[in-house]
Amino acid sequence: MSKKALGLNTICTHVGEIKDEQFKGAISPIYLSTSYEFDNVDVKRYPRYFNTPNQEYLVKKIAMLEHAEDALIFASGMAAISHMFLAFLKKGDHLVVQNTLYGGTSNFIKEEFPKYGIEYTFTNGYDVSDFEAAIQPNTKLIHLETPSNPLLTVTDIKAVADLANSKGIISSIDNTFASPVNQNPIDFGIDLVMHSATKYLGGHSDILAGAVAGSKAHIERIWNVGKNLGGSLSDFTVWMLERSMKTLALRVKAQTKNAKKIAKFLDKNNKIAKVNYPGLKSHPQYELAKRQMHDFGAMLSFELVEGIDAMAFQKELNLIKSSMSLAGVESTMLLPSETSHALLTQEERDAVGISNQLIRFSVGIEDYKDLKQDIKQALATTKVSSLA
Ligand code: PLP
């Protein structure tokens, strides 16, 4: 059967499996060796070269899910981002990067780029015109994130990819929030797609990993940097990631279904000032999200009305955990101002619209009625100092 004809769940379950020829076991064996025979063969296997059996096989699954020729897996999402940036940017080059994105990415750019002499501009917004306005003659890479963390803004992937292509600039995207189940940016002309695999690809809050997918030539360029920086993933975790990804589509679809209902429920509640979810008709880029996403995803954020302390509300939740990370099968919430975006100054957070009342919600696979009940009881029990 042609691999192109495979369905999403079949790809998740079977592509990238290593056949256990020796014992005929049902799952991939794990090869933990850091030392392989050297016999003048072309492939010199070594974990830091991203080419152990488990590494080589898992990237087939990731590449196929992202409609890419090839992929690389890394020790974290930040390792994936930093390797990707450093592969395509050198001293004197310029990066255009979306202003609303994961705090760790902006922090990496601001803290590390000056040391390498790499220039950068954060866009003023997430419209294609904002990206165009930020381009300089030395721009070599445009990086976007959609839907973005934590405001769920939606950027027009095709418009930005077309802009980059028309100027001979490489484009990259952080596809962590959507996952390949809900969005395939390469179909719109984006060159490189990266993931914090710690999130949906892993899906059980027990793996730290990252991935980049793209053309063979681009991945080879990142590999060349990667073998020097040494950010590859340990084979035990590679194996866990392959196992976890077998249920990726099942998990993400169940989470997305829940999120759509939760977003509508929150939207109608008078203690919630605002809900950010691309699947709500009131979302400013609802039509765009519908066009470029297979479905709207399982991440949302909302603002409590003034007078309800966001931290106190979170403490009243019984089922939904307060958690630093996201995208596990369990539902979690966090306050971006205290966690994911704590590295930004108050002014920087205000500038992009991350208020202290904002809560990010990673919707899990639990039964919708239980999630709804938990939120209801927490809203009912949290003390209200004054309602705006
Ligand atoms: N990109 C996004 C959208 C994220 O949310 C995160 C982490 O929260 C990262 C990248 C960084 O990934 P990691 O924590 O795996 O290094």
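A short tour of the structure in this document, coming up. (Residues numbered from 1 in each chain as written. Predicted model: local features only at pLDDT ≥ 70, side-chain atom pairs only at ≥ 80, totals over all residues. Heavy atoms only, no water.)

1. A short note on the nonpolar core
Here is the rule we go by: Only buried residues count toward a nonpolar core. Its members are Ala, Val, Leu, Ile, Met, Phe, Trp, Tyr and Cys residues joined through side-chain atoms within 4.5 Å. Relative accessibility thresholds used throughout: buried, under 20% of the residue-type maximum; exposed, over 50%; partly exposed, between the two (1.4 Å probe, protein chains only). Going along the chain from the N terminus, every DSSP run of H or I of four or more residues is numbered as a helix, and every run of E of two or more is numbered as a strand. All domain edges in this entry derive from an automatic or database-based domain assignment. The contact criterion used is simple: two residues touch if any of their non-hydrogen atoms lie within 4.5 Å.
Residues Leu241, Leu266, Leu300, Phe302, Phe313, Phe361 and Ile375 are the most contacted members of the largest nonpolar core, which totals 85 residues. Of the residues forming this core, the biggest block, eight residues, is contributed by helix α10 (residues 248-267). A domain-level breakdown of this core finds at least three residues from each of domain 1 (3-245) and domain 2 (249-381). In this structure, phenylalanine 361 is in contact with Ile262, Leu266, Ala298, Met299, Leu300, Ser301, Phe302, Ile320, Ser331, Thr332, Met333 and Ile375, ignoring residues within four places of it in sequence. Judged by nonpolar contacts, the second largest core, of 27 residues, contains Phe88, Phe108, Ile118 and Leu141.

2. Here we look at the sheet that holds strand β9 (residues 299-304)
Strand pairing in a sheet is mediated by backbone hydrogen bonds. Such pairs are either parallel or antiparallel. How we decide: Any two strands with at least two DSSP-identified bridges between them are counted as paired. The axes used here are C-alpha line fits, helices contributing only the stretch in contact, and every angle between their N-to-C directions lies in the interval 0 to 180 degrees.
Strand order in the open sheet formed by five strands is β8-β9-β12-β11-β10, and the pairing between neighbours is mixed. Across the chains shown, the open sheet's two edge strands, defined by having one partner strand only, are β8 (272-276) and β10 (321-322). In this structure, β9 lies alongside strand β12 (residues 358-362), joined through five bridges in antiparallel fashion. Note that in β12 the partner of serine 301 across the bridge is arginine 360. Where α10 meets the sheet, it contacts β8, β9 and β12, and its direction lies at approximately 15 degrees from that of β9.

3. A few points about a positive patch on the surface
Convention followed: A patch is a set of surface residues, each over 30% in relative accessible area and not in a salt bridge, joined within 9 Å for like charges and within 5 Å for the nonpolar side chains Val, Leu, Ile, Met, Phe, Trp and Tyr. In this description, accessible areas are obtained by the Shrake-Rupley approach with a 1.4 Å probe, and a residue is regarded as covered only by the protein chains that are shown. A pairing counts as a salt bridge when a side-chain nitrogen of Lys or Arg comes within 4 Å of a carboxyl oxygen of Asp or Glu. In this count, Lys and Arg are taken as positive residues and Asp and Glu as negative ones, while His and the chain termini are left out. Where a charge sits is defined by one atom per residue type, namely NZ (Lys), CZ (Arg), CG (Asp) or CD (Glu).
A surface patch of positive charge is lined by Lys264, Lys268, Lys281 and Lys290. Along the chain, the position of lysine 281 falls in the loop between β8 and α11 (286-292). By relative accessible area, which is 69% here, lysine 281 ends up exposed.

4. What about the site of the ligand?
This is how the line gets drawn: By convention in this text, a residue qualifies as near a molecule or strand provided that one of its non-hydrogen atoms is within 4 Å of it. Pairing of N or O atoms within 3.5 Å defines a polar contact, subject to two protein rules: one partner must be a possible hydrogen donor and the other a possible acceptor, and residues neighboring in sequence count only if both atoms are side-chain atoms. Here the nonpolar group is Ala, Val, Leu, Ile, Met, Phe, Trp, Tyr, Cys and Pro; Asp, Glu, Lys and Arg are the charged ones; every other residue, Gly included, is treated as polar.
The environment of the ligand is formed by 14 residues, the closest being Met78, Asp174, Ser196, Thr198 and Lys199. The separation between an oxygen atom of the ligand and a polar main-chain atom of methionine 78 is 2.8 Å. In this structure, lysine 199 approaches the ligand through a side-chain N or O atom, which is 2.7 Å from an oxygen atom. When isolated, the ligand has an accessible area of 390 Å², and the protein chains bury 90% of it. Of the residues contributing to the shell around the ligand, the split by class is five nonpolar, six polar and three charged.

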